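Structural description and commentary
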Amino acid sequence: MLAFAGQASTDPFAERRMALIVGIADYANAPDLDNTTRDGRLISDTLYALNFEVSEHFDIGLDEFRGLLERFAFEAETADVALVYFAGHGIEVGGRNFLVPADADAGSRQRVADTSVSLDDILQAVDKARQLRIVILDSCRNDPFADGGLKETLTVASAAARSSLAPPSPDRGTLVAYAAEAGKVALDGAGDNSPFALALAETLRMQDLEIGLAFRQVRDSVLKATGNAQEPHTYGSLSGKPYFLAGNSQEVNGLEASARRNAWGRLEVDQEEQLQVAARDGDSRALKGLAYMRLNPNEQRYDPARAAAFLEKAVEVGDPEAMFELARMYERGIGVEQNVEKALDLFRRSAADGFADAINDLGFLHYQGGLGIVRDPKKAIVLFGEAADQRHPEAMFNYAALIDDGVVDGKTPDDAAEYLYRALRSGNEEVLGQLSDNPNMFKAATRRSLQRKLSERAFYSGSIDGQFGPQTQRGLRKAYGLSE
């Protein structure tokens, strides 16, 4: 059972945070670990204090672990933030990372992998959270294959097998944090908790500390505590919107994307200085943050020309979000001389790198014509489909409407309903509003198919009649993530 501890907000549209905590100390076929369950409880208590709904589980086997991830993945679709923390053994086999449950089979290194949970499974569990997705692995402790193997059952001849985990490649918008850099060993600690867990718990509680900078401070704290023997590392990339776990700046988390980007201007001087240091190291998110600080006309730091210069540097390191933002500046002549051709080139480069906002905007340009693009509805439909498959909420809704109109070859009302359901689950209030207030903009077949999808997922138990009465309206709200 996936039971969550945490206080539910009285505001139906309030931010929702969810966390799954797993700690394994007592292994059937691998060396036991000292601090993992205590670390898990420390992080659990920390996140609970930060208004997370926390589900914590210790010394669990493979079947329970997999079941928890499946249920968490479904619940996390309606969460703004989804976080998974794992403390225990982790291994790399064939370039893939595996987290070892309590009952993993020790017949061979491959058998351990076959009876463990992959990092891909963990990433999939947080994948559909609406704003922020974080996976924290305190699992780079002593490799269970080293020094004689798993509880005397295995031997490993190659010293290369001592590396615990390989570097991950999470999708854009997801952050994976390792207690120690891939291939290095994390320390279990001489006290009740590991150095990494202690630093993480302390740092996450800091008031008005932006989440990206928080993990840099965790790294610095662990380096100091271990005499530079252990260096945590993060992989992946967060969006250019700032996020805060604690303090007065939490209020910016629920704002629309453009307003949240402007919230970079709320950072104190010391955090701006940290961004400057990261930017000099080529950190594209830091460069974007420094740019957004200078794009808010209500801030004293407003300087669009300097913002463009920061974005140019982020473009140089291949950041597609920076390409998109700089394209909009060239399109309008903000901070740079207006250059429609350069704007279009940047839009296309951003889209080619899979940035959904750019793909969606190019879809509109081809659908309506603009920036020198000749109107091409067929190309527009392809682009809307690509953006929809990237889970862009507006693109999913618009693509569903095009399917419903019968202009998308090979797509049926069931496909239209599936995109509407995904758009609803993405947490877009406009989608909920349109389906609630104007459902007849879609044909009866699409409406009936959407009712079936709501029914299959236990959000609706009424007739499949295409009539969006009070019972269907409640089903829509439940699917969105509201209690009513």
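Please refer to the structure higher up on the page.
The following paragraphs examine the structure supplied in this document. Here the structure is a predicted model, which is why all the values come from computation and not from measurement.

On to the overall build of the chain. Scanning the chain from terminus to terminus reveals 19 helices and nine strands. Across the 484 residues in the chain, those meeting the buried criterion constitute 53%. In the chain, of all internal contacts separated by at least 6 residues, the share reaching a separation of at least 24 is 64%. When the accessible area of the chain is evaluated, it comes to approximately 21200 Å², of which 44% is carbon and sulfur surface.

With that settled, the discussion passes to the sheet that holds strand β7 (residues 132-138). Here six strands make up an open sheet; going across it, the order is β2-β1-β3-β7-β8-β9 and the pairing mixed. With one partner strand each, in any of the chains shown, β2 (52-58) and β9 (233-236) form the two edges of the open sheet. Direction aside, the axes of adjacent strands within the sheet are offset by 15 degrees on average. For strand β1 (residues 17-23) and strand β3 (residues 81-87), the ladder comprises seven bridges, and the chain directions are parallel. Paired with Leu 20 across the strands is Val 84, a residue of β3. Running over the sheet, helix α1 (residues 36-49) touches β1, β2, β3 and β7 and is turned about 170 degrees from β2.

Packing of helix α12 (residues 340-352) against helix α13 (residues 356-368) leaves a shortest axis separation of 7 Å and a crossing angle of 125 degrees. Viewed along their axes, α12 and α13 adopt a mutual orientation that is oblique. When the axes of α12 and α13 are compared, the crossing they make is left-handed. Residue-level inspection shows Leu 344, Phe 347, Arg 348, Ser 350 and Ala 351 of α12 in contact with α13, the latter providing Ala 358, Ile 359 and Leu 362.

Turning our attention to helix α16 (residues 413-425). An α-helix turns once per 3.6 residues; consequently, residues spaced three or four apart project the same way. Over its 13 residues, α16 extends 18 Å from the first C-alpha to the last, a length consistent with the 18 Å expected when each residue adds 1.5 Å. Restricting attention to buried positions, one finds in α16 the residues Ala 416, Ala 417, Glu 418, Tyr 419, Leu 420, Tyr 421, Ala 423, Leu 424 and Arg 425. In the segment just after α16, Gly 427 is the residue with positive phi, at about 90 degrees.

Taken as a whole, the second largest pocket holds about 700 Å³ of empty space. Lining of the second largest pocket is provided by 32 residues; of these, Leu 175, Thr 234, Gly 236, Asp 283 and Arg 285 occupy positions nearest its centre. A per-element tally of the lining of the second largest pocket places helix α6 (residues 211-225) first, with six residues. Class assignment for the residues of the lining of the second largest pocket results in 14 nonpolar, eight polar and ten charged.

Now for the side chain of Thr 36. Along the chain, the position of Thr 36 falls in helix α1. For Thr 36, the side chain forms a polar contact with the main-chain nitrogen of Ala 25, separated by 3.4 Å.

Take the packing of aromatic side chains next. Scanning all chains against the criterion turns up nine aromatic pairs. Ring plane angle 20 degrees and centroid distance 6.0 Å describe the contact between Phe 74 and Phe 459, whose orientation is recorded as stacked. Within this pair, whereas Phe 74 is found in helix α2 (residues 62-76), its partner Phe 459 is found in the loop between α18 (444-456) and α19 (470-480), the two being separated by 385 residues in sequence. By relative accessible area, Phe 74 is classed as partly exposed at 32%. Between Tyr 399 and Tyr 419, the aromatic rings sit 5.1 Å apart at their centres with planes inclined by 85 degrees, giving edge-to-face as the arrangement. Of this pair, Tyr 399 sits in helix α15 (residues 393-404) while Tyr 419 sits in helix α16, and the two are 20 residues apart along the sequence. Residues Tyr 399 and Tyr 419 agree in their burial class; the two are buried. An aromatic cluster is built from Phe 324, Phe 347 and Phe 355, whose rings are joined through pairwise contacts. The ring of Tyr 367 has Arg 375 lying over it, and the distance from NZ or CZ to the ring centre is 5.4 Å.

Parameters at a glance
Residues numbered from 1 in each chain as written. Predicted model: local features only at pLDDT ≥ 70, side-chain atom pairs only at ≥ 80, totals over all residues. Heavy atoms only, no water. Helix = DSSP H or I, 4+ residues; strand = E, 2+ residues; numbered from the N terminus. Buried < 20%, exposed > 50% of the residue type's maximum accessible area, 1.4 Å probe, protein only. Contact = heavy atoms within 4.5 Å. Areas by Shrake-Rupley, 256 points an atom, 1.4 Å probe, with all protein chains shown as cover. Pairing = 2+ DSSP bridges. Axes fitted to C-alpha atoms, helices over the stretch in contact; angles between N-to-C directions. Parallel < 35°, antiparallel > 145°, perpendicular 65-115°, else oblique. Left-handed = near helix turned anticlockwise from the far one by under 90°. Expected span 1.5 Å × (residues − 1). 1 Å grid on protein atoms, 1.4 Å probe; cavity = no way out; pocket = protein on both sides within 12 Å on 5 of 7 lines; lining within 4 Å. Points joined across faces, edges and corners; volume = space filled by probe spheres on them. Nonpolar A, V, L, I, M, F, W, Y, C, P; charged D, E, K, R; others polar. Polar contact = N/O pair within 3.5 Å; in protein donor to acceptor, adjacent residues only side chain to side chain. Phe/Tyr/Trp six-rings, centres within 6.5 Å; stacked < 30°, edge-to-face > 60°. Lys NZ or Arg CZ within 6 Å of the ring centre and 35° of its normal.

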